[in-house]
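# Structural overview for review
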Amino acid sequence: MNRYHRFFRRLQVLFVGILFSSLLFIAPVHAVSSAAVSPERLNQLDTSLQQEIEKERQQATAEAESKLDREAIAAIEETKKAIAAIERGKTQEAIAALERATGKIDILVAQYPKLALIPVAAQVAIIDFAPQDFNLVDRIRKQVKAVVIAEDFPAARELLNNLMSEIRTAIVNLPLERYPDATKQAARLLNEGKIDEAKGVLQLALSTLVVTEQARPLPLVKAHTDLVTAVTLAEKDRDAAQRLLEDARAQLKLAQELGYARGDREYAAFDKAIKNLERQVKARENTAGAFAKLQEQFSSFFNRVSEVVKPDDSSNRAEARRRDASRYNGGNPRNALAH
């Protein structure tokens, strides 16, 4: 098994038990009292929530797949063919495969001269390990800080897994800056008869593909579902609507406590806006205008929290904030949470 297979296997192992072709694992998420919301409505809420999360997962999958580049994938396949040919002692066959790979990469470089990474594979997983108990979240965070200070980073990584509640997209990218040099160098080494060196260069190139990640926080999806449901109930069941608004605030706080854009000032603004909705519901006021405004604000906020994280580009967050300024479309909850 070559290094690329081992690399991608490690990526797959990360998602063992949490990657599903459909929505099979969602931990209990709502703290809505059954005394405040009838069992029928509670079941409707859970169904609505699961549907929203599943739609978001499907959207994440579709978007990830749409970004994959066939030429880049073909270049990697040709590289793997070259390695296989080398192992069979077919040097000329390996050189031919590398020529095809290099040609495809040269086309990519010409098409995207400023693009550093080309997506070649993707995985989407629903990960919901985080507790709903704020005290427990706080204890885990303190444990993380303690083991980091002690420089026990493996323990820190294990603890951090318990603070994840998200739809995670991991994309494997071909680095255009380095990969072309590797295939050309390997071809040169093969022509010089340096078979083992050529194989090593190609294996290294395949094992140094770059992974970018995107996390769509589930508490924010849950908060939005609460808000949508609360507005629909505001006229006929004020108590249920109030409970849902309270839970929406709790989910926003949970997202913040789990570290999803923890320092973002929008959290305070949303808390204030939802409190205002609670007041309007209690006073039997019309909530349509306030909710529409909240929908608009939630758009850019969800984008900021859900943007792609590139390991070699710390400036991408600021750029994503500028690029993804609006996402809601007429208050439609599906459009609101589609990224």
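The chain has the name YfdX family protein in an unreviewed UniProt entry, where Amazonocrinis nigriterrae CENA67 is given as its organism.

## Things to note about unusual backbone geometry
The phi angle at Ala-261 is positive, at roughly 50 degrees, despite the residue not being glycine. Tracing the sequence through the fold places Ala-261 in the loop between helix H10 (238-257) and helix H11 (266-282). Judged by relative accessible area, which is 30%, Ala-261 ranks as partly exposed. Here Arg-284, not a glycine, exhibits a phi torsion of approximately 60 degrees, which is positive. Here Arg-284 lies in the loop between H11 and helix H12 (288-306).

## Observations regarding the pattern of salt bridges
When charged atoms on two side chains of opposite charge get close, those side chains can pair. Across all of its chains, the model carries 23 salt bridges by this definition. Across the pair Arg-216 and Glu-63 runs a salt bridge whose closest N-O atoms are separated by 3.1 Å. One end of the pair, Arg-216, is in strand S3 (residues 210-217); the other, Glu-63, is in helix H2 (residues 39-67), and 153 residues separate them in sequence. Salt bridges here are not isolated pairs; linked through shared partners, they connect Arg-249, Asp-271, Lys-275 and Glu-278.

## A short note on the packing of helix H4 (residues 91-111) against helix H7 (residues 179-191)
Contact geometry of H4 with H7 gives a least axis separation of 9 Å together with a crossing angle of 155 degrees. Taken together, the axes of H4 and H7 lie roughly antiparallel to each other. Note that H4 runs across H7; the crossing there is left-handed. Taken together, the residues of H7 that come into contact with H4 (itself represented by Thr-91, Ala-94, Ile-95, Leu-98, Thr-102, Ile-105, Asp-106 and Val-109) are Tyr-179, Pro-180, Thr-183, Lys-184, Ala-186, Ala-187, Leu-190 and Asn-191.

## Quick look at the packing of aromatic side chains
For the structure shown, the criterion picks out two aromatic pairs. Judged by centre distance (5.0 Å) and plane angle (85 degrees), the ring pair of Tyr-267 and Phe-301 falls under edge-to-face. With a gap of 34 residues between them, Tyr-267 in helix H11 and Phe-301 in helix H12 connect regions that are remote in the sequence. The same class applies to Tyr-267 and to Phe-301, which are both buried. Among the aromatic residues, those joined into a cluster by ring pairs are Tyr-267, Phe-270 and Phe-301.

Calculation rules
Residues numbered from 1 in each chain as written. Predicted model: local features only at pLDDT ≥ 70, side-chain atom pairs only at ≥ 80, totals over all residues. Heavy atoms only, no water. Helix = DSSP H or I, 4+ residues; strand = E, 2+ residues; numbered from the N terminus. Buried < 20%, exposed > 50% of the residue type's maximum accessible area, 1.4 Å probe, protein only. Salt bridge = Lys/Arg side-chain N within 4 Å of Asp/Glu carboxyl O. Axes fitted to C-alpha atoms, helices over the stretch in contact; angles between N-to-C directions. Parallel < 35°, antiparallel > 145°, perpendicular 65-115°, else oblique. Left-handed = near helix turned anticlockwise from the far one by under 90°. Contact = heavy atoms within 4.5 Å. Phe/Tyr/Trp six-rings, centres within 6.5 Å; stacked < 30°, edge-to-face > 60°.

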